[in-house]
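Residues per chain, in single letters:
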Amino acid sequence: MTTTRPVTRSGACVLWEVLLSEGVDVVFGYPGGAIMPAYDTLLRYPIRHVLVRHEQGAAHMADGYARASGKVGVCVATSGPGATNLVTGIATAMLDSSPIVCITGQVSSKFIGTDAFQETDITGVTLPITKHNYLVTDVEELGPTLREAFYVARSGRPGPVLVDITKDVQQALTSWVDDGAPVVLPGYRPKYTVDDESLARAVALIDSAERPVILAGHGIVKAEASADLRAFVERTGIPVASTLLGLGGFPATHPLSLGMLGMHGEAWVNHAVQEADLLIALGMRFDDRVTGKLDTFAPRARKIHVEIDPSEINKNVRVDAPIVGDVREVLRALMPRVQQKTRGSWVAKIEESKGHSAVRDIVSMPHDGRLFAAHVMHDLWRLTEGRALVVTDVGQHQMWEAQYYKHDHPRGLITSGGLGTMGFALPAAIGARFARPSLEKDEIWVVVGDGGFQMTACELSTCAQEGIKVNVAIINNGYLGMVRQWQEFFYEGRYSATPMKSPDFVKLADAHGLSSRRVTSREEIEDAVAWARKTPGTCVIDFRVEQEDAVYPMVPAGAALHDMIRRPSSIVETAEDP
Amino acid sequence: MLRTFVAHVEDRPGVLNRVVSLFRRRGYNIGSLTVGTTDKPGVSRLTVVMEADEDSARRIQADLYKLVNVLYVEDLSHAATVSRDLALLKVRASADTRPQILQLVEVFRARAVDVTTDAMVLEMCGASDKIDGLIDVLRPFGIVEMVRTGIVAMRRGGESQLEMLKAS
Ligand SMILES: Cc1ncc(C[n+]2csc(CCOP(=O)(O)OP(=O)(O)O)c2C)c(N)n1
Ligand SMILES: [Mg+2]
């Protein structure tokens, strides 16, 4: 129990005190009038402040920090425009259940509701995109509210919490003492006890299934359940398909790993799901990008759904055996009850359907001098031995990364899944770097498109000022590639507003005092990656890839999961050593 | 089917907004919504009536529980309940029609609460369909204006699901 002496100090001091007691050592932010008292006192506390270039970046950094560490990330902004600039970052954290606390300054309480200078009702604006939010107008409530905010952000299904603090509260004096008592919220019960009956029902389904598939989601990573999942899989012999955010929760190179399912999942994965007689969904929420057309999704399968948020049960897919609870605890409870099995013929059947697809894969193709994004991802995986922390943006490059970089470790991939926020990668990687400061242990790669990079490229300046190292691989195809691909497939090739002219990224990085180079052929990849790995400071590589390449396979939006657009036969070649 | 949910919430600024925002965001269409105080200080009670099937009813409850300030939610749709709606009706009433109207008021166990030369204000408290009935028979006289509070409901019998909350 921590007890502070009853001393009189300002609300601004209470803010930093509570952050310190919550274990915060870095915050990402941007000052302004309504948050100035807080910034003024910050100088007295051992908390590092990272000055961002746009508040959206601050929210993404807090999010990247949270995802890389499992701890709560914190961002700070002023009232009005500072606060509204956070919105995209908050929504991103909300949809991917990322625990962040956003501190915003607000005009003094006597001005609230008067349209005062830089007044925005930010609790109103963020109400639907936060797990919870608070407006603090009484300094005595500041401490307890902040403690509550951290508790709510990290417990149960985590999420963003915003605390809007009026300027007068920051200035007012208080002698509030943190008694260290646990937060009591009568209406908030994030813990669930798993009842025997639902466990028994799940066990019966698992033991009798002939063609079961596990769908592993983000919950595995968040609940730190990777080791338990692996033990469970090895006991039951059940193959694992992962969602985009679940990648790394189960080792990609494990013989029972099928890979990613869904819109850009490999054919054998989606087919296995469609043919399964049992799906065991672990910490995932049956997003439409995962299920395809709902009424044709896994029609023969009974479904077990292990999920911490009861409102996800039966939301998109009707399940036979719901278990509400922490996925790690549930796996531990199931473990001793389920039968040990091998399920060899089912696994062999899936394996058989793989062979053919792998031959069509781009990495199996003989070189023809052209540079494909898939090459970059495959080589990056090989050269970093699959051990880098990769932070991806949104678009084609994100899907190629998911397909070709084999993640064997949880928290090895950070990406915006639910909201699909372009501009996420660079700031999220900066946040991740503060969560994992060791350059030897944690190599960080940003994989970003030419479009998304330009949305938050200003944060290169943050990298330079903070002197941090991340490596940035720009997959430069001259297009808003994913949208271009949809135009190619579904709008008869009319490229409306997708060709994009970009600045010279090498010069741009150079202008920031950062190291940079360009890669235009596959032969240069190895050298460039090696160069970035050993060059101090942030490095930017401009990969000039094939411009009109497409991500295959693809389940068109609204189609059944097995209804995939496959790789065109023109790129079918004889198998080579992949 | 038409469902009645009762939610006990912390009486704090913005809580009603959170509940309403949730219904809007999830695309649930509220039939009626009433809010009021309870015997427990700091706790308000909400009654929401809306059309929902079994699945959405479950999810509405789960969604409501996700709101940090929601203490307890009950679906009263299948329970034995007392439910009441209050209406005030202003009806055209001349010296000629007044006796007829008062007769109807009697039959429906409503009350006249104000009378002027050309109109009357009636009050009726009861089950919603009874009030609908009164409105129907008064329509020919000319309804000037009308207001209804929306339904409030309570489980019959001795126990309260809120008991455990009170204990805490
Ligand atoms: C903020 C935002 N705006 C628009 C979109 C829609 N969108 C999805 S992918 C994409 C194209 C991304 O282009 P680029 O960053 O160059 O990546 P590529 O697909 O070419 O790899 C767009 C515009 C989005 N996801 N996020
Ligand atoms: Mg592009």
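Numbering of residues begins from 1 in every chain and follows the order in which that chain's sequence is written. Each chain gets a letter, beginning with A, and each ligand a number, beginning with 1, in the order they are written. Local features in a predicted model are, by the rule used here, given only for residues with pLDDT of at least 70; side-chain atom pairs are given and counted only at 80 or more, and totals for whole chains, interfaces and linings are based on all residues. Calculation of side-chain values draws on the structure's entire complement of heavy atoms; hydrogens and water are dropped beforehand.

## Overview of the pairing of strand β6 (residues 132-136) of chain A
Residues and elements named next belong to chain A.
Item 1. Buried residues dominate β6, accounting for four of its five residues.
Item 2. Pairs of strands are assigned from DSSP output, requiring at least two bridges between the strands. Going along the chain from the N terminus, every DSSP run of H or I of four or more residues is numbered as a helix, and every run of E of two or more is numbered as a strand. For β6 and strand β7 (residues 161-166), the ladder comprises five bridges, and the chain directions are parallel. Paired with Tyr134 across the two strands is Val163, which belongs to β7.
Item 3. By definition, the crossover connecting two strands over a helix is right-handed if that path, from the first strand to the second, turns clockwise as seen with the strands pointing away from the viewer. Taking the sense of rotation as the criterion, the β-α-β connection linking β6, helix α7 (residues 139-154) and β7 turns out right-handed. Only protein chains enter the accessibility calculation, which uses a 1.4 Å probe; a residue is then buried when its area is under 20% of its type maximum, exposed when over 50%, and partly exposed in between.

## Digging into the sheet that holds strand β9 (residues 212-216) of chain A
Residues and elements named next belong to chain A.
Item 1. One open sheet accounts for six strands, arranged β11-β10-β9-β12-β13-β14; its pairing is parallel. Each of the sheet's edge strands pairs with one partner strand only, and the pair in question is β11 (257-260) and β14 (321-324). Each adjacent strand pair in this sheet contributes to an overall mean axis angle of 15 degrees, direction not counted. Angles here are taken between N-to-C directions and fall from 0 to 180 degrees, while the axes themselves are lines fitted to C-alpha atoms, restricted in helices to the stretch in contact.

## Structural notes on the packing of aromatic side chains
Residue and element names in this part refer to chain A.
Item 1. Side-chain rings of Phe, Tyr and Trp, where Trp is taken by its six-membered ring, are said to pair if the distance between their centres is within 6.5 Å; with planes under 30 degrees apart they count as stacked, over 60 as edge-to-face, and otherwise as tilted. Throughout the structure, instances matching the rule amount to 10 aromatic pairs over all chains.
Item 2. Consider the rings of Tyr151 and Tyr188, whose centres lie 5.7 Å apart with planes at 85 degrees: the pair is edge-to-face. Here the residue Tyr151 occupies a position in helix α7, and Tyr188 occupies one in the loop between β8 (173-174) and α9 (196-208), the gap between them amounting to 37 residues.
Item 3. Overall, Tyr151 belongs to the partly exposed group, its relative accessible area being 27%.
Item 4. A ring pair is formed by Phe453 and Phe505, whose centres lie 5.3 Å apart and whose planes are at 85 degrees; its orientation type is edge-to-face. One end of the pair, Phe453, is in helix α19 (residues 450-456); the other, Phe505, is in helix α22 (residues 505-511), and 52 residues separate them in sequence.
Item 5. Ring pairs connect the aromatic residues Trp486, Phe489, Phe490 and Tyr552, which therefore count as one cluster.

## Topic: the domain arrangement of chain A
All names here are of chain A.
Item 1. The domain limits used here are those given by an automatic or database domain assignment. Here the domain parsing of chain A yields domain 1 (9-174), domain 2 (196-355) and domain 3 (373-544).
Item 2. On a C-alpha basis, the centres of domain 1 and domain 3 stand 29 Å from each other.
Item 3. Between domain 1 and domain 3, the residue contacts involve 26 residues of the former and 27 residues of the latter.
Item 4. Interface of domain 1 and domain 3: buried area, both sides summed, is about 2,000 Å²; carbon and sulfur atoms make up 62% of it.
Item 5. The term buried area refers to how much accessible surface (probe radius 1.4 Å) is lost by two components on association, counted for both of them together. Three residues, Arg53, Arg67 and Ala68, lead the burial of domain 1 against domain 3; their summed loss comes to 29% of the area buried on that side. By the convention used here, residues are in contact when the closest approach between their heavy atoms is within 4.5 Å.

## Some points on the nonpolar core
Residues and elements named next belong to chain A.
Item 1. Counting residues in hydrophobic clusters, the biggest one holds 49 residues, and the most contacted among them are Phe28, Val391, Leu426, Phe453 and Val472.
Item 2. Looking at which domains feed residues into this core, each of domain 1 (9-174) and domain 3 (373-544) supplies at least three.
Item 3. Look past the residues within four positions of Leu426 in its chain and what remains in contact with it is Val446, Phe453, Thr456, Ala457, Glu459, Leu460, Cys463, Val470 and Val472. Put simply, a nonpolar core is a bunch of buried Ala, Val, Leu, Ile, Met, Phe, Trp, Tyr and Cys residues held in one set by side-chain atoms that sit within 4.5 Å of each other.

## Concerning the interface of chain A and chain B
Item 1. Listed by partner, the interface residues are 18 residues for chain A and 18 residues for chain B.
Item 2. Here chain A meets chain B over a buried area of about 1,700 Å², counting both sides, of which 49% is carbon and sulfur.
Item 3. In terms of surface lost to chain B, no three residues of chain A exceed Leu127, His132 and Ser311 of chain A, which account for 29% of the buried area on that side.
Item 4. Any Lys or Arg side-chain nitrogen found within 4 Å of a carboxyl oxygen on Asp or Glu counts as a salt bridge. Here chain A is connected to chain B by two salt bridges.
Item 5. The salt bridge involving Asp309 of chain A is made with Lys66 of chain B; its shortest N-O contact spans 2.6 Å.
Item 6. Any pair of nitrogen or oxygen atoms within 3.5 Å is treated as a polar contact; in protein, a donor-acceptor pairing is required on top of that, and neighbouring residues in sequence qualify only through side-chain atoms on both sides. Where chain A packs against chain B, one counts eight residue pairs in polar contact (both at pLDDT 80 or more).
Item 7. Grouping the constituent residues of the side of chain A that touches chain B by class yields eight nonpolar, five polar and five charged. Each residue gets one of three labels, nonpolar for Ala, Val, Leu, Ile, Met, Phe, Trp, Tyr, Cys and Pro, charged for Asp, Glu, Lys and Arg, and polar for the others, Gly among them.

## Quick word on the site of ligand 1
All names here are of chain A.
Item 1. Taken together, 17 residues are adjacent to ligand 1, and Gln396, His397, Asp450, Gly452 and Gly481 come closest.
Item 2. With respect to ligand 1, the backbone of Gly451 contributes an N or O atom lying 2.9 Å from an oxygen atom.
Item 3. Here an oxygen atom of ligand 1 and a backbone polar atom of Met482 are 2.9 Å apart.
Item 4. Each accessible area value is a Shrake-Rupley result obtained with a 1.4 Å probe; residue values ignore everything except the protein chains displayed when judging cover. Look at ligand 1: alone it shows 580 Å² of surface, and the protein chains cover 77% of it.
Item 5. Of all the secondary structure elements, the ones that give two or more residues to the shell around ligand 1 are α17 (396-404), α19 and α21 (481-490). Here a residue counts as near a molecule or strand whenever at least one of its heavy atoms sits within 4 Å of it.

## So, the coordination of the magnesium ion (ligand 2)
All names here are of chain A.
Item 1. For Na, K and Ca the donor cut-off is 3.2 Å, while for other metals it is 2.8 Å, and in both cases only N, O and S atoms qualify; water is not among them, so sites may look incomplete. Coordination of the magnesium ion (ligand 2) by the protein comes from Asp450 (OD), Asn477 (OD1) and Tyr479 (O), over a distance range of 2.0 to 2.1 Å.
Item 2. Each donor residue of the magnesium ion (ligand 2) lies on one chain, and together they are spaced D-x26-N-x1-Y. Of this pair, Asp450 sits in helix α19 while Tyr479 sits in the loop between β18 (471-476) and α21, and the two are 29 residues apart along the sequence.
Item 3. Among the residues examined, Asp450 registers a relative accessible area of 1% and is labelled buried.
Item 4. Take Tyr479: its relative accessible area is 10%, and that puts it in the buried class.

## What to know about the domain arrangement of chain B
Residue and element names in this part refer to chain B.
Item 1. Segmenting chain B into domains produces domain 1 (2-79) and domain 2 (82-152).
Item 2. On a C-alpha basis, the centroid separation for the pair domain 1 and domain 2 is 29 Å.
Item 3. In this assembly, five residues from domain 1 lie in contact with four residues from domain 2.
Item 4. Of the roughly 320 Å² buried where domain 1 meets domain 2, counting both sides, 65% is carbon and sulfur surface.
Item 5. It is Ser32, Thr34 and Thr47 that lose the most area in domain 1 upon contact with domain 2, and together they represent 76% of the buried surface on that side.
Item 6. At the boundary of domain 1 with domain 2, the tally comes to zero salt bridges.
Item 7. At the boundary of domain 1 with domain 2, the tally comes to two residue pairs in polar contact (both at pLDDT 80 or more).
Item 8. Looking at the side of domain 1 that touches domain 2, the elements with two or more residues in it are β2 (30-37) and β3 (43-51).
Item 9. With three residues, β2 is the single largest residue contributor to the side of domain 1 that touches domain 2.

## A short note on the pattern of salt bridges
Item 1. What the rule picks out here adds up to 46 salt bridges over all chains.
Item 2. With its nearest N and O atoms 2.7 Å apart, the salt bridge here joins Asp228 of chain A to Arg332 of chain A. Residue Asp228 of chain A is found in helix α11 (residues 226-236), and its partner Arg332 of chain A is found in helix α14 (residues 327-334); the two are separated by 104 residues along the sequence.
Item 3. Here Asp63 of chain B and Arg26 of chain B are joined by a salt bridge, their closest N and O atoms 3.5 Å apart. You can see Asp63 of chain B sitting in helix α2 (residues 54-66) and its partner Arg26 of chain B sitting in the loop between α1 (15-25) and β2, a full 37 residues away along the chain.
Item 4. A residue is classified by how much of its surface remains accessible, and Asp63 of chain B, at 2% relative accessible area, is buried.

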